[in-house]
Amino acid sequence: MVTTGLPLTLDHTLPFVEAVMDVAANPSAIDTAADILKQIEQTHGIEILHEFCTDSILPAGAFRPTSQPLSYNNILELLRDWDAFQQQYESTDDADLDSSLHPFLSETQLIIQGMDFTNDHFIRVADGTIHAWTQRAWGQQLADWANTTGWGPHFNKRGDRYSWKYADFYSNMSDNLVNDYEAWRDAVLKVIKYKCQRQLTG
């Protein structure tokens, strides 16, 4: 009998997954989870940053600083002024993100649907390049990671490995796809926001 292997269970042997689920049960554990996330970010040269503004002008795409990388505080100021942003960043098509993002996703299991993630978050890499996505594009990013790494297991009715699509991670994710998805999502987003608040306040 062929099984789809759904719903999927996140890898609780990973320190970040375990720490996030601790936050879901015990909010005082958030410092530990934020510390682990920061360490993983440093390992892979990736920062997940929260926008902290409702009037952000940041479009989807990759944007490289035209001079030196700016501080997180300065970036947030630019996200309200497109002309000022364009003076500091240029659009780029040759930014390689997968080589660092895929291992990062494997270590964090940051499986958060596009509708929950992209409106308030972007990623900055070591050279200062900023990456932002539409909801569908983030879904495709997760699908590419899942297909490349064989995340699952997930098989179709014929017993062949399922090919993830952007729609699987775009919207309407639920406990039918990932066990305790809503609790996971809420705790992860809380950890990311807390980590970013600590960065801003020093």
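Everything quoted here is computed from the prediction, not taken from an experiment.

### Section: the packing of helix α5 (residues 98-108) against helix α7 (residues 135-149)
Part 1: One way to put it is that α5 packs onto α7 with a least axis distance of 10 Å and a crossing angle of 80 degrees. With respect to α7, the element α5 is oriented roughly perpendicular. Between α5 and α7, the contacting residues are Asp98, Leu101, His102, Leu105 and Ser106 on the first element and Trp138, Gln141, Leu142, Asp144, Trp145, Thr148 and Thr149 on the second.

### A few points about helix α9 (residues 181-201)
Residue pairs three or four apart in sequence face the same way in an α-helix, which turns once every 3.6 residues.
Part 1: Counted at 1.5 Å a residue, the expected span for α9 with its 21 residues is 30 Å, and the 30 Å between its end C-alpha atoms agrees.
Part 2: The positive-phi residue at the C-terminal boundary of α9 is Gly202, with phi of around 80 degrees.

### A few points about the packing of aromatic side chains
The way to describe two aromatic rings as a pair is by their centre distance and the angle between their planes.
Part 1: A complete count under the given rule lists 12 aromatic pairs for this structure.
Part 2: Here the aromatic rings of Trp145 and Trp151 are separated by 5.7 Å at their centres, their planes lie at 35 degrees, and the arrangement is tilted.
Part 3: For Trp151, a relative accessible area of 9% translates into the label buried.
Part 4: Between the aromatic rings of Trp151 and Trp164, the centroid separation amounts to 5.3 Å while the plane-to-plane angle is 35 degrees, which identifies the pairing as tilted. Of this pair, Trp151 sits in the loop between α7 and α8 (166-170) while Trp164 sits in the loop between α7 and α8, and the two are 13 residues apart along the sequence.
Part 5: Three or more aromatic residues joined by ring pairs make a cluster, and in this case those are Trp145, Trp151, Tyr162, Trp164 and Phe169.

### Here we look at unusual backbone geometry
Part 1: One non-glycine residue, Phe52, adopts positive backbone phi at about 55 degrees.
Part 2: Mapping Phe52 onto the fold places it in the loop between β1 (46-50) and β2 (61-65).
Part 3: Even without glycine at this site, Asp180 takes up a positive phi of about 60 degrees.
Part 4: Residue placement: Asp180 occurs in the loop between α8 and α9.
Part 5: Look at Asp180 and you get partly exposed, because its relative accessible area is 47%.

What counts as what
- Residues numbered from 1 in each chain as written.
- Predicted model: local features only at pLDDT ≥ 70, side-chain atom pairs only at ≥ 80, totals over all residues.
- Heavy atoms only, no water.
- Axes fitted to C-alpha atoms, helices over the stretch in contact; angles between N-to-C directions.
- Helix = DSSP H or I, 4+ residues; strand = E, 2+ residues; numbered from the N terminus.
- Parallel < 35°, antiparallel > 145°, perpendicular 65-115°, else oblique.
- Contact = heavy atoms within 4.5 Å.
- Expected span 1.5 Å × (residues − 1).
- Phe/Tyr/Trp six-rings, centres within 6.5 Å; stacked < 30°, edge-to-face > 60°.
- Buried < 20%, exposed > 50% of the residue type's maximum accessible area, 1.4 Å probe, protein only.

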